[in-house]
Amino acid sequence: KLLENGFSIFVVDSFSNSSSKIIEKIQDYLKQKLPHAYNSFHFFVGDVRDFSLLNRVFNFSKQIGKNIEAVIHLAGLKSVNESINKPLLYWDNNLCGALVLLKAMKAHNCNTFVFSSSAAIYDQSDNEKITENTKINPINPYGQTKAAIEKLLKDIYSSDPDNWRIANLRYFNPLGAHPSGVIGE
């Protein structure tokens, strides 16, 4: 949708939790359906915890005259069960990934951040409907990493509210596909 609306996209993915085939599908779709947007899609293989890679991405965007103005952070690991069995992996990937990304953003004066959080941060001790005002009390490492990142984001925003714009998306089970059906989930 962003490409359809004239935005340039810079994607970083390590493929630790995804497939490189999706990038090929996106590129094929762009060639066929949105040829004007094909050169606005830039892909980099690498880990969000790699500051030097993120620095190169930001610098590349400046070199081509498409300065990155906002980041949508979707790079977290997302399995509750796996997080219980591999908490170090989740804390390292999710929390450290967000820290490194935010440091790179700060270094490049990029202060708009959309974070893929989770409803797993909410207290689940009663059967009441969950609202944005429900107590935050995650019960697993996955939810704890998301809640910790939200605390970090609150601190960052509080330190400079005139410059930072931050949104936390706390969905339950995000699922969907591009209307074309070509790209998949």
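Given the structure is predicted, the values throughout are model-derived calculations rather than measurements. (Residues numbered from 1 in each chain as written. Predicted model: local features only at pLDDT ≥ 70, side-chain atom pairs only at ≥ 80, totals over all residues. Heavy atoms only, no water.)

1. Considering the pairing of strand β5 (residues 165-169)
Note: strand β4 (residues 112-116) against β5, five bridges, orientation parallel. Looking at β5, one finds that V114 is bridged to A167. Of the crossover connections in this fold, the one passing from β4 over helix α5 (residues 141-159) to the parallel β5 is right-handed. (Pairing = 2+ DSSP bridges. Helix = DSSP H or I, 4+ residues; strand = E, 2+ residues; numbered from the N terminus. Right-handed = clockwise from strand over helix to strand, strands pointing away.)

2. Topic: the packing of helix α2 (residues 51-63) against helix α4 (residues 87-107)
Axis separation between α2 and α4 bottoms out at 9 Å; the angle between their running directions is 40°. When the axes of α2 and α4 are compared, the crossing they make is right-handed. Where α2 abuts α4, its residues F51, L54 and F58 lie against V100, L101, K103, A104, M105 and A107. Considered class by class, the residues forming the contact of α2 with α4 number eight nonpolar, no polar and one charged. (Axes fitted to C-alpha atoms, helices over the stretch in contact; angles between N-to-C directions. Left-handed = near helix turned anticlockwise from the far one by under 90°. Contact = heavy atoms within 4.5 Å. Nonpolar A, V, L, I, M, F, W, Y, C, P; charged D, E, K, R; others polar.)

3. Some words on a nonpolar patch on the surface
Judged by side-chain polarity, L2, F7, I72 and L74 come together as a nonpolar surface patch covering roughly 410 Å² of accessible area. Here L74 is to be found in the loop between β3 (71-73) and α3 (80-85). Since its relative accessible area comes to 59%, L74 is described here as exposed. (Patch = residues over 30% accessible without salt bridge, like charges linked within 9 Å, V, L, I, M, F, W, Y side chains within 5 Å. Areas by Shrake-Rupley, 256 points an atom, 1.4 Å probe, with all protein chains shown as cover. Salt bridge = Lys/Arg side-chain N within 4 Å of Asp/Glu carboxyl O. Buried < 20%, exposed > 50% of the residue type's maximum accessible area, 1.4 Å probe, protein only.)

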